[in-house]
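Examination of the molecular architecture
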Amino acid sequence: MNFLMDKKVLITGAYGFIGRYVAKYFEKQGWDVIGLGHGEWSRQEWQAWGIKEWHTTDITTDNLLTYANEPDVIIHCAGSGSVSFSLNHPLQDYNRTVQTTLSVLEFARIHAPKAKIIYPSSAAVYGSVGPSPIKENSLLNPVSPYGFHKKIAEELCSSYARFFNISVAIVRLFSIYGVGLRKQLFWDACEKISRNETLFFGSGEGTRDWLHVQDAASILYTASQFASTKCPIVNGGAGRKVTIREVLSELFREFGRSDEPIFQGITRTGDPQHYLADINYLRMWGWKPQFSLFQGIRQYVEWYKDGGVL
């Protein structure tokens, strides 16, 4: 499918880490980008990320009606992004993830029935699984409120596609990283290494499928071409399994350290041991990753050493 150059995309949560990269990706493809959500940044900043209009507001059906301007595509990046937050603030996590998704779907049902909706979900819906690649039809058994709420949001998307003929696609993103991420393993590890700390949670043998944020943006763009009333669900990963130990050891080397991380063997609540995406479905869409993990780690450390400013 070829999109026309005057198409409009609405990105909720465009201020966020993934949202701003998605905005930039669509803008480079010639789209007009409308951003909605929370975040304090100047016009110069949001325009630099490819956003033509930015509106600081809650994601509600009424606000979408006011600001969305009949989008052709909606990328719903707004929502909770933290397992620990969901454990400490489950109601807020529910509202951020489930309620905002329902508002987007209801807006589309009533006011923009032709819009294609892309929902960036999470591999957290799978819960604790073994080291084998996870297929999209695997049993969903989330082990945190974060994962449960993502699962509910997915079910809402499927419901609206089935009963109201809304075109939707769901992308279950795995471990996203990249320049600009100021939380989770990469950031926390850089903070510790810069303080000469070497002790980390877990055994180091847990595995993750790391996906560069620019690759994630390209997946979401690709998904906008395949959204339909059948609500396809696809894994968003690189299809490569890397241990936590390997990632941290590479971070140590990029900091010029000759020592290695030390693991205390304690696993945090809500952290599954293994994640590896089966991306055969994604490959059928003609997509493949463009960024190598260790190239991405080098870029991330350079950014961190330079002050961690975008």
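For the structure given in this document, a descriptive report is provided here. (Residues numbered from 1 in each chain as written. Predicted model: local features only at pLDDT ≥ 70, side-chain atom pairs only at ≥ 80, totals over all residues. Heavy atoms only, no water.)

**A short note on the pairing of strand β5 (residues 116-122)**
Counting buried residues in β5 gives seven out of seven residues, a clear majority hidden from the surface. Where burial is concerned, the two faces of β5 agree: the one with Lys116, Ile118, Pro120 and Ser122 and the one with Ile117, Tyr119 and Ser121 are both buried. Inspection of the sheet shows strand β4 (residues 73-76) paired to β5 by three bridges, in the parallel sense. Bridged to Ile75 within β5 is Ile118. Crossover β5 to strand β6 (residues 167-173) through helix α6 (residues 145-164) is right-handed. (Buried < 20%, exposed > 50% of the residue type's maximum accessible area, 1.4 Å probe, protein only. Helix = DSSP H or I, 4+ residues; strand = E, 2+ residues; numbered from the N terminus. Pairing = 2+ DSSP bridges. Right-handed = clockwise from strand over helix to strand, strands pointing away.)

**Focus: the side chain of Glu154**
Among the structural elements, Glu154 can be located in helix α6. Using a relative accessible area of 4% as the deciding quantity, one classes Glu154 as buried. Each residue touching Glu154, except ones within four places of it in the same chain, is listed here: Tyr119, Ser121, Val125, Leu140, Ile170, Arg172 and Ile233. (Contact = heavy atoms within 4.5 Å.)

**Points about the environment of Ile110**
Mapped onto the elements of the fold, Ile110 is located in helix α5 (residues 90-111). In this structure Ile110 comes out as partly exposed when scored by relative accessible area, which is 45%. Expressed as a C-alpha distance, the spacing of Ile110 and Tyr15, which sit 95 residues apart in the sequence, is 26 Å.

**A few points about the nonpolar core**
Ranked by size, the top nonpolar core spans 69 residues in total, and within it Ile11, Phe26, Ile75, Ile118 and Leu251 carry the most contacts. Residue contributions to this core peak at seven residues, all from helix α8 (residues 213-223). Sequence-distant contacts of Ile11, defined by excluding residues within four places in its chain, comprise Gly19, Val22, Ala23, Val33, Ile34, Gly35, Leu36, Ile75 and Cys77. One finds Ala78, Val104, Ala115 and Leu156 within the second-largest nonpolar core, a separate group that totals 26 residues. (Core = buried A, V, L, I, M, F, W, Y, C linked by side-chain atoms within 4.5 Å.)

Worth remembering: the numbers are spatial, not functional.
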